[in-house]
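# Structure at a glance
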Amino acid sequence: MTLLHPDRLFPVDPTTRAIARSLFATVETAPIVSPHGHTDPAWWGENPAFGDPASLLVQPDHYVLRMLVSQGVTYAELGIGPGAEPDPRKVWRSFAAQYHLFRGTPSRLWFDHALSEVFGIHARLSPETADAAYDAIDAALKTEAFRPRALYERFGIEVIATTDSALDDLAQHRAARDGWTGRVIPTYRPDAVVDPEFEGFAANLDRLGAITGCDTATWAGYLEAHRLRRACFIEMGATATDHGHPTARTADLAQSDAAALFDRVRGGTCSADDAELFRAQMLTELARMSCEDGLVMQLHAGVHRNHNTAVFRAIGRDRGFDIPTQGAFVDALKPLLNAVGMDPRLRLILFTLDEDTYARELAPLAGVWPCLRLGPPWWFHDSFEGMRRFRQLATETAGFANTAGFNDDTRALLSIPARHDVARRVDCAFLAELVTSHRLDEDEAFAIAPQLAHGLARAAYNL
């Protein structure tokens, strides 16, 4: 039995499938460019052995957690939070017993790819195969070949970006540079010091001031602190920033009004409207900084994070209770775009969880504003169907060149090659359909395929 069919995700029509196969053969083993993700910098700095199958493959994966929790599996059974099960084998068995729940989901594709291609396990995970799979994975994780840096090289990763708080000391990135040739770069994520509703915001501003030596009690000092932190990230190889805001709203206030707004949020007396306006103003301020220092902006807007308040309080962020919300970009981005959108030094990559905006808002915006690029399908839409919908809805208006290629956006290291495999198969299938419907010549499809696989990401992120 094999877990992975060689023609998975390719078109059913024989002629179109043959073209898709030929296209895919040119990019299947191409280098992986991973310009946005959430792998732990300590993996690259310390190169530790992974602990066990459950802590590597189950507990950190919010795709896995949300599905299991939706079917009544408790966090404690998964080894998380109060009363957590201490035995990782029992956690793994709980996961294996519910593996059938992932039928038809991208998680199933990714996980089967990891089992088959990374660990050489070709039996479907089930209660009957759980222990054998656990033992095989556990034994592999004890070898040098399964340490993070070895996997980086085995997977053919050319560059990988982590996502790092503005308050991070970047020590693990310095360690990764010492005696290793892999390219791991940080990404400047300032949410903790930009969002007044972020937990510990006032203390975070104090810490930002201590790190930079700037007076973050003043608007001017606060902005200067961002410039200095960005410079530190650039020194460590960063090429991008990332912003995880509830909405895409931007603002362009007079500096006196912005300073007054900062005083309110700094003093802890701001309203929810003030908090939203401050986030909006800071997107424009940070866009101006990107014009100065060249960091590419990424905006991941439109998520109601930590929807289950009790879970958030008990066990923290990234436990599956993040829900997409309706997006709006045309009016929201207008202040920023009118302020700096024609500046050739700015690039802003947009992500959404509201697919309705692809054709109505995002593709038309990226199809005219020179600073904009469309990020790939994100999070809930990082899937076979989601990628197809994105290409179908965005390509006719934005073309290929106004998109940013693919990024895997994952904290699950072993799923990185699986995600790139899915994206490359979907894109090759889409190109093949354009060829067989005579909307594209075959030589053009072969020229575009490597751009979608890695070329556009390199260009979009200045890699």
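The structure contained in this document is the topic of the report that follows. (Residues numbered from 1 in each chain as written. Predicted model: local features only at pLDDT ≥ 70, side-chain atom pairs only at ≥ 80, totals over all residues. Heavy atoms only, no water.)

## Focus on the overall build of the chain
What counts is decided by this rule: Numbering of helices and strands starts at the N terminus; helices are DSSP runs of H or I of at least 4 residues and strands are runs of E of at least 2. As defined in this context, the radius of gyration uses C-alpha atoms, and a globule is described by 2.2 Å times the residue total to the power 0.38. When accessible area is computed with a 1.4 Å probe and restricted to protein chains, residues below 20% of their type maximum are described as buried, those above 50% as exposed, and intermediate ones as partly exposed. We call two residues in contact whenever any of their non-hydrogen atoms come within 4.5 Å of each other.
Looking only at helices and strands, one finds 19 helices and 10 strands in the chain. A compact globule built from 463 residues would reach a C-alpha radius of gyration of about 23 Å, and the chain, at 22 Å, matches this within 12%. Here the chain holds 463 residues, and 57% of them are scored as buried. In the chain, of all internal contacts separated by at least 6 residues, the share reaching a separation of at least 24 is 76%.

## Topic: unusual backbone geometry
Both trends apply: most residues other than glycine have a negative phi, and most peptide bonds are in trans. Of note in the backbone geometry, Asn-47 takes a positive phi value of approximately 50° without being a glycine. Backbone geometry places Asp-409, a non-glycine residue, at a positive phi of 45°. Relative to the assigned elements, Asp-409 resides in the loop between helix 17 (384-398) and helix 18 (416-436). Owing to a relative accessible area of 16%, Asp-409 belongs among the buried residues under this scheme.

## Here we look at a negative patch on the surface
Cut-off, in case you're wondering: Surface patches are drawn from residues lacking salt bridges whose relative accessible area is over 30%; two like charges belong together within 9 Å, two nonpolar side chains (Val, Leu, Ile, Met, Phe, Trp, Tyr) within 5 Å. All accessible-area figures derive from a Shrake-Rupley calculation using a 1.4 Å probe, and residue coverage is judged against the displayed protein chains alone. Note on definitions: salt bridges are taken to be side-chain nitrogens of Lys or Arg within 4 Å of carboxyl oxygens of Asp or Glu. Within this scheme the basic residues Lys and Arg register as positive and the acidic residues Asp and Glu register as negative, but His and the chain ends are omitted. Every charge is mapped to an atom, namely NZ of Lys, CZ of Arg, CG of Asp or CD of Glu.
Taken together, the side chains of Asp-441, Glu-442, Asp-443 and Glu-444 present a region of like negative charge at the surface. The partly exposed category is assigned to Glu-442, whose relative accessible area is 40%.

## Describing the sheet that holds strand 1 (residues 32-34)
To be explicit about the condition: At least two bridges found by DSSP between two strands is the condition for calling them paired. Whenever a helix is involved, its axis is fitted only over the stretch in contact; in every case the axis is a line through C-alpha atoms, and angles between N-to-C directions fall within 0 to 180 degrees.
Spatially, 1-2-4 is the arrangement adopted by the 3 strands of the open sheet, whose pairing is parallel. The sheet is open, and its two borders are formed by strand 1 and strand 4 (184-185), each paired with just one other strand. Where strand 2 (residues 157-161) and strand 4 come together, 2 bridges link them in parallel fashion. Residue Ala-161 lies in a different strand from strand 4, and its bridge partner there is Ile-185. Those strands touched by helix 18 are strand 1 and strand 2, and its axis lies near 105° from that of strand 1.

## Section: the nonpolar core
What counts is decided by this rule: What makes a nonpolar core is a set of buried Ala, Val, Leu, Ile, Met, Phe, Trp, Tyr and Cys residues whose side-chain atoms join them at distances within 4.5 Å.
Core analysis: the biggest nonpolar cluster contains 57 residues, and Tyr-222, Phe-278 and Leu-372 have the highest contact counts within it. Element by element, the count of residues in this core is highest for helix 13 (residues 272-293), at 9 residues. Filtering out sequence-adjacent residues up to four positions away, Leu-372 remains in contact with Leu-337, Leu-348, Leu-350, Leu-365, Ala-366 and Asn-402. Of all hydrophobic cores here, the second largest spans 51 residues; its members include Leu-3, Tyr-99, Ile-160 and Leu-413.

## Description of helix 11 (residues 219-235)
Residue pairs three or four apart in sequence face the same way in an α-helix, which turns once every 3.6 residues. Selection criterion: Each helix should span, by expectation, one fewer than its residue count multiplied by 1.5 Å.
An ideal rise of 1.5 Å per residue puts 24 Å on 17 residues; helix 11 measures up with 25 Å between its terminal C-alpha atoms. Positive backbone phi, approximately 105°, marks Gly-237, located one or two places after helix 11.

## What to know about the state of the cysteines
Every disulfide links exactly two cysteines, by a covalent bond between their sulfur atoms. Here is the rule: Whenever a pair of cysteine sulfur atoms sits within 2.5 Å, that pair is classed as a disulfide.
Applying the stated criterion across every chain yields a total of 0 disulfides. Of all cysteine sulfurs, the one in Cys-232 lies closest to Cys-214, which takes part in no disulfide; the gap is 10 Å. Relative accessible area serves as the criterion here: at 15%, Cys-214 is assigned to the buried category. You can see Cys-291 has no disulfide; the closest cysteine sulfur is in Cys-371, sitting 8.4 Å from it. The buried category is assigned to Cys-291, whose relative accessible area is 5%.

## Here's the deal with the packing of helix 11 against helix 12 (residues 255-266)
We count it as follows: An angle below 35 degrees is read as roughly parallel, one above 145 as roughly antiparallel, one from 65 to 115 as roughly perpendicular, and any other as oblique. For this scheme, ten residues count as nonpolar: Ala, Val, Leu, Ile, Met, Phe, Trp, Tyr, Cys and Pro. Four count as charged, namely Asp, Glu, Lys and Arg, and the remainder, Gly too, count as polar.
At a minimum axis separation of 9 Å, helix 11 and helix 12 run at an interaxial angle of 90°. Classified by the interaxial angle, the pair formed by helix 11 and helix 12 is roughly perpendicular. Side by side, helix 11 and helix 12 meet where Trp-219, Tyr-222 and Leu-223 of the first sit next to Gln-255, Ala-258, Ala-259 and Phe-262 of the second. Here the contact of helix 11 with helix 12 is composed, by residue class, of 6 nonpolar, 1 polar and no charged.

## What about the environment of His-420?
Tracing the sequence through the fold places His-420 in helix 18. Sequence separation between His-420 and Arg-249 is 171 residues; the distance between their C-alpha atoms is 31 Å. Once residues within four sequence positions are removed from consideration, His-420 is found in contact with Ile-32, Val-33, Phe-406 and Asp-408.

## Comments concerning the environment of Met-387
Structurally, the position occupied by Met-387 is in helix 17. For the pair Met-387 and Ala-136, spaced 251 residues apart in sequence, the C-alpha to C-alpha distance is 33 Å. Apart from the residues lying within four places of it in its own chain, the contact partners of Met-387 are Pro-377, His-381, Asp-382, Phe-406, Val-422, Ala-423 and Val-426.

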